[in-house]
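Coordinate inspection notes
Single-letter residue listing:
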Amino acid sequence: MKLSRILSNQNGVSRQQAIRTIAAGQVCVDGEVCTDAAREVSRFESVVVGDQVIQHAVAAYYLMLNKPAGYLSATKDNTHPTVMELVPGELRPHLHIAGRLDRASTGLLIMTNDGNWSRRLTEPAVKIPKVYRVKTLQPISKETEQRFAEGIWFAWEGLTTSPAAIEQLAPCEARVTIFEGRYHQVKRMFHAVGNRVTSLHRECIGGITLPAQLPQGACQRLTPAQVASVPLRD
Ligand code: URA
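Rules of the game
- Every chain is numbered on its own, with residues counted from 1 as its sequence reads.
- Owing to the predicted nature of the model, reporting of local features is limited to residues with pLDDT of at least 70; listing and counting of side-chain atom pairs is limited to 80 or more, with chain, interface and lining totals taken over all residues.
- Working from all heavy atoms in the structure, the side-chain values ignore hydrogens and water.
- Any Lys or Arg side-chain nitrogen found within 4 Å of a carboxyl oxygen on Asp or Glu counts as a salt bridge.
- The helix and strand labels rest on DSSP assignments: H or I over at least four residues marks a helix, E over at least two residues marks a strand, and numbering proceeds from the N terminus.
- Whether a residue is buried, partly exposed or exposed follows from its accessible area with a 1.4 Å probe, protein chains only, as a fraction of its type maximum: under 20%, in between, or over 50%, in that order.
- A strand pair is defined by DSSP finding two or more bridges across the two strands.
- Residues enter a nonpolar core if they are buried and are Ala, Val, Leu, Ile, Met, Phe, Trp, Tyr or Cys, with the set joined through side-chain atoms within 4.5 Å.
- Each residue is tested against the molecule or strand, and it is near if at least one of its non-hydrogen atoms lies within 4 Å.
- Polar contacts here mean pairs of N or O atoms no more than 3.5 Å apart (in protein, one a potential hydrogen donor and the other a potential acceptor; neighbouring residues in sequence count only if both atoms are side-chain atoms).
- Surface exposure here means Shrake-Rupley accessible area, sampled with a 1.4 Å probe, where a residue is shielded only by the protein chains that are shown.
- Each Phe, Tyr or Trp ring (for Trp, its six-membered ring) is paired with any other whose centre lies within 6.5 Å, and the angle between the two planes then decides the class: stacked below 30 degrees, edge-to-face above 60, tilted in between.
- Bear in mind that the domain bounds are from an automatic or database domain assignment.
- The criterion used for residue contact is that any of the two residues' heavy atoms lie within 4.5 Å.
- UniProt positions are given in the numbering used here, feature names are shortened, and annotations may be inferred rather than shown by experiment.

As for the pattern of salt bridges
- In the structure shown here, the tally under the stated rule is ten salt bridges.
- E173 serves as the salt-bridge partner of R133, at 3.0 Å between the closest nitrogen and oxygen. Within this pair, whereas R133 is found in strand β8 (residues 130-136), its partner E173 is found in strand β12 (residues 173-178), the two being separated by 40 residues in sequence.
- Taken together, the shared-partner salt bridges in this structure form one network comprising R133, E167, E173, R175 and E203.

Below, the structure is given as structure tokens:
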């Protein structure tokens, strides 16, 4: 919400009064004087006028989990355990998943209560690279590399996937980088070239890499640098 609107939402404060107060340098956003009435302020920032707190900052949470196989990327399920059971109980009601993994898939899963941030992380248009270590039933051919680089036609969505890169590690194993994150994307891409994924592990999303020492089922907070690595605007 715009800073001027936050001020004028108070009883008896007009938009013009709010703009004058801001221009006079009497308003701090997150501890810094802000004279821009049009500044977008999130619920994770405080707003103070003089010594009066107009908005308290809500705590923002950014977590990574090393997802084990068998857990659903969901907040609740009657049949299977969910990834939410692996995060500290007091955070559970606040978090949502930023980019799901299939039940059998493992690796980096990110959870947050910051919707703007997670939208940027997962929006196909933002083109943040997602890196997966993949094992397949059949050997991965040069033709597959070529087809992935050209993009694979997804008839269901009526689109061609963005060019994806393959780094071959063994005949039936590769590191695959995609730039979207569509439903079952990696499995469907291999299926389109007549192959089948037998194991899928997400290693990294943009500037956020799953640390080798984080045990399966464990989670940790993202660092401020990892949070900041997601571009908030183009
Ligand atoms: N692509 C898939 O097919 N499955 C996942 O879990 C993630 C990406």
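Considerations on the pairing of strand β7 (residues 106-112)
- In terms of burial, β7 is largely enclosed, as seven of its seven residues are buried.
- Where strand β5 (residues 62-67) lies against β7, six bridges are found, and the strand directions are antiparallel. Looking at the pairing, L65 lines up with L109 of β7.
- One ladder, built from two bridges, connects strand β6 (residues 96-97) with β7; its direction is antiparallel. Within β7, the residue paired with H96 across the bridge is T112.
- Where β7 and strand β13 (residues 197-205) come together, two bridges link them in parallel fashion. Considered in β13, the bridge of G107 is made with R202.

With respect to the nonpolar core
- Judged by nonpolar contacts, the single largest core of 29 residues is most densely connected at L95, M111, V134, F148, V176, V186 and F190.
- Of all elements in the fold, only β5, β7, β8, β12, α5 (185-192) and β13 reach the threshold of two or more residues within this core.
- Formed by 16 residues, the second largest nonpolar core is a distinct cluster that contains M64, A98, L214 and L222.

Digging into the site of the ligand
- Every residue close to the ligand is listed here: L101, D102, S105, Y132, H184, Q185, V186, K187 and L200.
- Note that an oxygen atom of the ligand is positioned 3.2 Å from one of the backbone N or O atoms of H184.
- Between Q185 and the ligand, the recorded distance is 3.4 Å, taken from a backbone N or O atom to a nitrogen atom.
- Its free accessible area being 240 Å², the ligand has 95% of it covered by the protein chains.
- When residues in the shell around the ligand are grouped by element, the largest group, three residues, is from α5.

What about the packing of aromatic side chains?
- Tallied over the full model, the rule gives three aromatic pairs.
- Between the aromatic rings of F148 and F190, the centroid separation amounts to 4.9 Å while the plane-to-plane angle is 70°, which identifies the pairing as edge-to-face. With a gap of 42 residues between them, F148 in helix α4 (residues 142-150) and F190 in helix α5 connect regions that are remote in the sequence. A single burial state applies to F148 and to F190, both of which are buried.

Let's talk about the domain arrangement of the protein
- Partitioning the protein into domains gives domain 1 (3-55) and domain 2 (62-227).
- The distance between the C-alpha centroids of domain 1 and domain 2 comes to 40 Å.

Thoughts on α5
- Looking only at α5, the buried set comprises Q185, V186, R188, M189 and F190.
- The elements touched by buried residues of α5 are β8, α4, β9 (153-154), β12 and β13.

Side note on the UniProt feature "domain: RNA-binding S4" (unreviewed entry) in the protein
- UniProt's entry tags residues 1-59 with the feature "domain: RNA-binding S4" (unreviewed entry), counted in the numbering of this structure.
- In residues 1-59, helix accounts for 25% and strand for 20%; the two terminal C-alpha atoms are 17 Å from one another.

Focus: the pairing of β13
- Bridge count for β8 against β13 is seven bridges, and the pairing is antiparallel. Residue pairing across strands places K135 opposite S199, the latter belonging to β13.
- Turn length for the β13-strand β14 (residues 208-209) hairpin, with the two strands adjacent in sequence and antiparallel, is two residues, and the turn residue G206 shows positive phi of about 55°.

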